[in-house]
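Report on the structure
Here is what each chain is made of, one letter per residue.
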Amino acid sequence: MNATNAKLEKAKSLLKSALAGVEAELKQPGELYQQLVACGGTPGESPSDYARKYLRDVHKELARMLQEVEAGQIDPSHQQHAWLGRALTDGWPWKHPLTELVLKAESAYLKT
């Protein structure tokens, strides 16, 4: 396996794991969801709606990245506008395992 394929496989594996983690949090809200709720919502939006929307947005972005990796067609403009790392550092608890996993998945995607 060459270096490019190894990077794609690593990104694919991490993205799948991160997606599964976000899906689990959406299905059965746990500690991360509760911490997002505690951050509050936006005007006109309840904290619980905010938390669900935030998790769905992260899921959507991870799914988009995975689709590109699986197709082997990474869009450089998407890489330039990556936002998960910035969003997570602003709103997610640092010590939560899913935070670390999503950050690693995005990093692997950016390195492809």
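Use the structure listed above.
Quick look at the structure, then. Please read all numbers here as calculations on a predicted model, not as lab measurements. (Residues numbered from 1 in each chain as written. Predicted model: local features only at pLDDT ≥ 70, side-chain atom pairs only at ≥ 80, totals over all residues. Heavy atoms only, no water.)

Quick look at helix 2 (residues 31-38)
For an α-helix, 3.6 residues make a turn, and residues three or four places apart therefore share a direction. Note the cut-off: In this scheme, a residue with accessible area under 20% of its type's maximum is buried, one over 50% is exposed, and one in between is partly exposed, where area comes from a 1.4 Å probe on protein chains only. By the criteria applied, helices consist of DSSP H or I runs no shorter than four residues and strands consist of E runs no shorter than two, each listed in order from the N terminus. Here the arc refers to the set of directions running from the helix axis out to each C-beta atom. Any two residues whose heavy atoms approach within 4.5 Å are treated as being in contact.
Taken together, the buried positions of helix 2 are occupied by Leu32, Tyr33 and Leu36. Taken down its axis, helix 2 places every buried residue within 100 degrees of arc, on the same side. Turned more than 90 degrees off the buried face of helix 2, the exposed positions are Glu31 and Ala38. Against the buried residues of helix 2 lie helix 1 (3-27), helix 3 (47-71), helix 5 (84-91) and helix 6 (97-110).

Observations concerning the packing of helix 3 against helix 6
Our working definition: Only C-alpha atoms enter the line fits that serve as axes; for helices the fit covers just the stretch in contact. Angles between N-to-C directions range over 0 to 180 degrees. Crossing handedness is defined as follows: a turn of the near helix away from the far one that is anticlockwise and smaller than a right angle gives a left-handed crossing, while the clockwise case is right-handed. Under the convention adopted here, Pro, Cys and the residues Ala, Val, Leu, Ile, Met, Phe, Trp and Tyr are nonpolar, Asp, Glu, Lys and Arg are charged, and Gly plus all remaining residues are polar.
Where helix 3 contacts helix 6, the two axes come as close as 11 Å, and the packing angle between them is 35 degrees. Crossing handedness for the pair helix 3 and helix 6: left-handed. Along the contact surface, helix 3 presents Val58, Leu62, Arg64, Met65, Glu68 and Val69, while helix 6 presents Val102, Ala105, Glu106 and Tyr109. When the residues that make up the contact of helix 3 with helix 6 are grouped by side-chain class, the tally is 7 nonpolar, no polar and 3 charged.

Overview of the pattern of salt bridges
In plain terms, the rule: Throughout this description, the term salt bridge denotes a Lys or Arg side-chain nitrogen within 4 Å of a carboxyl oxygen of Asp or Glu.
With the rule as written, the count across this model stands at 7 salt bridges. Across the pair Glu9 and Lys12 runs a salt bridge whose closest N-O atoms are separated by 3.4 Å. Within this pair, Glu9 and its partner Lys12 are both found in helix 1, separated by 3 residues, close to a single helical turn. In this structure Glu9 comes out as partly exposed when scored by relative accessible area, which is 38%. Two residues, Arg52 and Asp49, come together in a salt bridge whose shortest N-O distance is 2.8 Å. Placement of the pair is Arg52 and Asp49 together in helix 3, with a separation of 3 residues, close to one helical turn. Given a relative accessible area of 32%, Arg52 falls into the partly exposed group.

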